[in-house]
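Each chain is listed here by its residues.
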Amino acid sequence: MPLIVMCGYPCSGKTRRAEELKAHFEGSTDRKVHIVGDGALDVEKNTVYADSQKEKNVRASLKAEVERKVNKDDIVILDSLNYIKGYRYELFCLIKHTQTPHCLVYCLTSDEESSTWNTSRDAAEQYSQDIFDALVLRFEAPDSRNRWDSPLFTILKDDMLPFEAISDALFKRKAPPPNQSTQSQPLSSANFLYELDKITQDVLMAIFNAQKTSVPGDLIQVPGATEKIELTRNINMAELRKLRRQFISYTKMHPTENTGQISNMFVQYLNKSLH
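First, a word on scope: everything that follows refers to the structure included in this document. Source: prediction; values computed, not measured.

With that settled, the discussion passes to the nonpolar core. Among the nonpolar cores identified, the biggest contains 34 residues, and Leu-3, Val-66, Leu-78, Tyr-106, Tyr-127, Leu-135 and Phe-139 are the most heavily contacted of them. Put simply, the parts of the chain that give this core at least two residues each are β1 (3-8), α3 (52-69), β3 (75-79), α4 (85-97), β4 (102-107) and α6 (129-138). When residues in this core are grouped by element, the largest group, five residues, is from α4. Once residues within four sequence positions are removed from consideration, Leu-78 is found in contact with Leu-3, Ile-4, Val-5, Met-6, Val-36, Leu-62, Val-66, Tyr-87 and Leu-91.

Below, the discussion takes up the sheet that holds strand β5 (residues 152-155). Read across the open sheet, the five strands follow the order β2-β3-β1-β4-β5; overall the sheet is parallel. Whereas interior strands pair on both sides, the edge strands pair on one side only; in this sheet they are β2 (33-37) and β5. Across the sheet, the mean angle from the axis of one strand to that of its neighbour is 20°, orientation sign disregarded. As paired elements, β2 and β3 share five bridges and run parallel to each other. When the bridges of β3 are listed, His-34 appears paired with Val-76. Its contacts with the sheet place helix α7 (residues 163-172) against β1, β3, β4 and β5, and it is angled at close to 155° to β4.

Bringing the environment of Pro-142 into the picture now. Within the element layout of this structure, Pro-142 appears in the loop between α6 and β5. Judged by its relative accessible area of 0%, Pro-142 is buried. Sequence separation between Pro-142 and Glu-19 is 123 residues; the distance between their C-alpha atoms is 21 Å. Pro-142 has contacts with Cys-7, Arg-88, Leu-104, Tyr-106, Asp-149, Leu-152 and Tyr-194, leaving out every residue within four places of it along the chain.

Within the structure shown, the criterion is met by eight aromatic pairs. Relative to Tyr-127, the ring of Tyr-49 has its centre 6.3 Å away and its plane inclined at 45°; by these criteria the two rings are tilted. Of the two residues, Tyr-49 sits in the loop between α2 (45-48) and α3 while Tyr-127 sits in the loop between α5 (111-119) and α6, which places them 78 residues apart along the sequence. Take Tyr-49: its relative accessible area is 9%, and that puts it in the buried class. Ring centres of Phe-247 and Phe-266 lie 4.8 Å apart, and the angle between their planes is 35°; this geometry places the pair in the tilted category.

It is worth spelling out the state of the cysteines at this point. For the coordinates displayed, the defined rule picks out zero disulfides. The closest cysteine sulfur to the non-disulfide-bonded Cys-7 is located on Cys-107, 8.4 Å from its own sulfur. Judged by relative accessible area, which is 0%, Cys-7 ranks as buried.

Outside of glycine, negative phi angles account for most residues, and trans bonds account for most peptide bonds. Here the amide bond leading from Ser-150 into Pro-151 is cis, since omega sits at 0°, within 30 degrees of zero. Counting through the fold element by element, Pro-151 comes out in the loop between α6 and β5. Although it is not a glycine, Cys-11 adopts a positive phi angle of roughly 60°. Inspection of the secondary structure puts Cys-11 in the loop between β1 and α1 (14-28). What makes Cys-11 buried here is its relative accessible area of 6%. Positive phi outside glycine occurs at Gln-99, with the angle close to 55°. Along the chain, Gln-99 falls in the loop between α4 and β4. Assessed through its relative accessible area of 71%, Gln-99 is described here as exposed.

Definitions and cut-offs
- Residues numbered from 1 in each chain as written.
- Predicted model: local features only at pLDDT ≥ 70, side-chain atom pairs only at ≥ 80, totals over all residues.
- Heavy atoms only, no water.
- Core = buried A, V, L, I, M, F, W, Y, C linked by side-chain atoms within 4.5 Å.
- Buried < 20%, exposed > 50% of the residue type's maximum accessible area, 1.4 Å probe, protein only.
- Helix = DSSP H or I, 4+ residues; strand = E, 2+ residues; numbered from the N terminus.
- Contact = heavy atoms within 4.5 Å.
- Pairing = 2+ DSSP bridges.
- Axes fitted to C-alpha atoms, helices over the stretch in contact; angles between N-to-C directions.
- Phe/Tyr/Trp six-rings, centres within 6.5 Å; stacked < 30°, edge-to-face > 60°.
- Disulfide = S-S within 2.5 Å.

Without other data, these values stay purely geometric and don't point to any function.
Set out below in structure tokens:
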């Protein structure tokens, strides 16, 4: 029956939320609930995510396991990073082919928060800092305007899961609750935090990639901004992440009603901070 796709940074609470969903549906329905995840494959995460081919093989194994378990009676929860939009599209094609409804549950955290949770784990369960940083940089946030990312439920760490709305989206094919980017929301909502997180992450990725071919003195164009980054020196990722955290903290206290200005505001902040 339905497929629930978990999504989020490493150490963002996906497994905890998957277990909450499993407990809810097992308690409120007669359906079996299967969780398909990295843990069942018995892989070493730092080895897998350091090798693109190994990572591709793991994704293929997870998708194959989902395909095996999806049927007319059971609920399947895919508990993995699912951070590549192309992979989420493949899952969408799978459920479309099997005529199975689905939804996406996005555990939204800051990279700083997830990094803290990562370091609090047992050493054997941790991502190395290099792997963690790389996965955060490669993360492609879901967008409810994409049919493969919809219905989309964005969950902050202290939120209660909207069990009834998720159930309706899966079994009654209702639209998800108003947390989509097409609807107007308060600035304190998950949507504003999502936009702030995604836009600043895209800027960091643009700088990170541009530095591979740029030299000091170059101007770097970043997504969504008319202003450019003035690259006066090589900037390491630790410094960029620190500045991003500071900007996010400031912007939460002084939000803008026009999220289209976030990129320019962040570029201005970086230019001032780096000179």
